[in-house]
Amino acid sequence: MNKNRNKGPRMKSQRIFNGIFYPLLILISAICVLPFLIILSGSMTDNGVILREGFSLIPKQPTLEAYRTLFQNPTSLISGYRVTIIVTAVGTSVGLFLVSLTGFVLSRKEFTYRNQVSFLIYFTTMFSGGLVPFYYMMCGVLKLKGTLTAQWMPAVLSPFLIVLMRTFISSSVPDELCDAAKIDGAGYGTTFTRVVLPLLKPALAAIGLMLALGYWNDWYRSSLFSSKSNTWSLQFYLYNMVNKANSLNELANQVNIVIRDLPTESVKMAMAMLVTGPVLLFYPFVQKYFVAGITVGAVKG
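This write-up is about the structure you can find in this document. (Residues numbered from 1 in each chain as written. Predicted model: local features only at pLDDT ≥ 70, side-chain atom pairs only at ≥ 80, totals over all residues. Heavy atoms only, no water.)

**Here we look at the overall build of the protein chain**
At step 1: A count of helices and strands for the protein chain gives 14 helices and 0 strands.
At step 2: Along the protein chain, from the amino end to the carboxyl end, the secondary structure elements read α-α-α-α-α-α-α-α-α-α-α-α-α-α.
At step 3: In the protein chain, which comprises 301 residues, the share counted as buried stands at 33%.
At step 4: Relative to all contacts within the protein chain whose residues are 6 or more apart in sequence, the contacts with residues 24 or more apart total 71%. (Helix = DSSP H or I, 4+ residues; strand = E, 2+ residues; numbered from the N terminus. Buried < 20%, exposed > 50% of the residue type's maximum accessible area, 1.4 Å probe, protein only. Contact = heavy atoms within 4.5 Å.)

**So, a nonpolar patch on the surface**
At step 1: A surface patch of nonpolar side chains, about 980 Å² in accessible area, is lined by I16, F17, I20, F21, Y22, L24, L25, L27, I28 and I31.
At step 2: Tracing the chain through its elements places L25 in helix α1 (residues 2-43). (Patch = residues over 30% accessible without salt bridge, like charges linked within 9 Å, V, L, I, M, F, W, Y side chains within 5 Å. Areas by Shrake-Rupley, 256 points an atom, 1.4 Å probe, with all protein chains shown as cover. Salt bridge = Lys/Arg side-chain N within 4 Å of Asp/Glu carboxyl O.)

**Some thoughts on the packing of aromatic side chains**
At step 1: Following the criterion strictly, the structure yields 9 aromatic pairs and no others.
At step 2: Considering the side-chain rings of F119 and F123, the 6.0 Å spacing of their centres and the 45° angle between planes classify their relative orientation as tilted. Note that F119 and F123 are positioned in helix α5 (residues 114-123) at a spacing of 4 residues, about one turn of the helix.
At step 3: Relative accessible area serves as the criterion here: at 36%, F123 is assigned to the partly exposed category.
At step 4: Taking 5.7 Å as the distance between ring centres and 70° as the angle between the ring planes, the aromatic pair formed by F134 and F225 counts as edge-to-face. (Phe/Tyr/Trp six-rings, centres within 6.5 Å; stacked < 30°, edge-to-face > 60°.)

**A short note on the nonpolar core**
At step 1: Core analysis: the biggest nonpolar cluster contains 23 residues, and M165, L200 and I207 have the highest contact counts within it.
At step 2: Counting only elements with at least two residues in this core, the list comes to α4 (74-107), α8 (159-172), α10 (188-196) and α11 (201-216).
At step 3: It is α8 that provides the largest number of residues to this core, a total of 6 residues.
At step 4: With 18 residues, the next largest nonpolar core counts W232, Y237, L238 and V275 among its residues. (Core = buried A, V, L, I, M, F, W, Y, C linked by side-chain atoms within 4.5 Å.)

**Describing the pattern of salt bridges**
At step 1: Evaluation of the coordinates by the stated rule reveals 6 salt bridges.
At step 2: A salt bridge links E65 to R68; its shortest N-O distance comes to 3.5 Å. With E65 and R68 both in helix α3 (residues 65-70) and 3 residues apart, this pair spans about one turn of that helix.
At step 3: Relative accessible area serves as the criterion here: at 48%, R68 is assigned to the partly exposed category.
At step 4: R108 is paired through a salt bridge with D175; the nearest N and O atoms lie 3.8 Å apart. Here the residue R108 occupies a position in the loop between α4 and α5, and D175 occupies one in helix α9 (residues 175-183), the gap between them amounting to 67 residues.
At step 5: Put simply, R108, K109, E110 and D175 are held in one network by salt bridges that share partners.

Put into structure tokens, the structure is as follows:
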């Protein structure tokens, strides 16, 4: 009797909750999707219309001129994709291994100097050597100018990601598992690869996605260390293309030469679509692990 009496108010409060928060979630989702739809619309809108009337949700005077401009030189575009994919794949793989291994070492209580090493790693987030020493080390000491290694190697070890991995291992991997492996005769390498690593899927997915997005969106290291166009990343290639189009338009205006208006604004939107497309296709496969990984340290109950 009491259960049936309490069931009514609970169902009523649940309906009120659903009536308030479901529309709110739909509104928030629409706000998140709206910028992407505007970018897609802008990429298929005539550049003159964008300059006169601004961006809109529905394309006005639809055209694919921006995409034709980007694909005028498909060899360079494919080369940019190739470089970005190689740098992202190698950098993410090496970064995941080093970050997880470093986090495992720093989480072990038998490592006497783990707090001191952790402080030194954290210290680098507050102070850095600056651009000139960094450039001299990469080009003058390591001789990596013009190589793809210079584009992925500097970002493989992130202090924030190391701390995140250490926290995840400390809170999610029981010490008893490592102690049991040690009793069975397993060394640290075996314990890490066969006991700890299989339990790190959420953290590996979250950290891997952060690393991959960082590499995929990076153009700065390519501008510093790329000496030839065949080593340009996709971001830097598209960035360079827009800069050349803007410079050409400015030069034509200064000397009063009438040229065909280059679709600079619509090209920017088309560039955003080409760059974010692969990420949007990849993200759903790691979403559940990413959500679990970013909640490291949350209160369990």
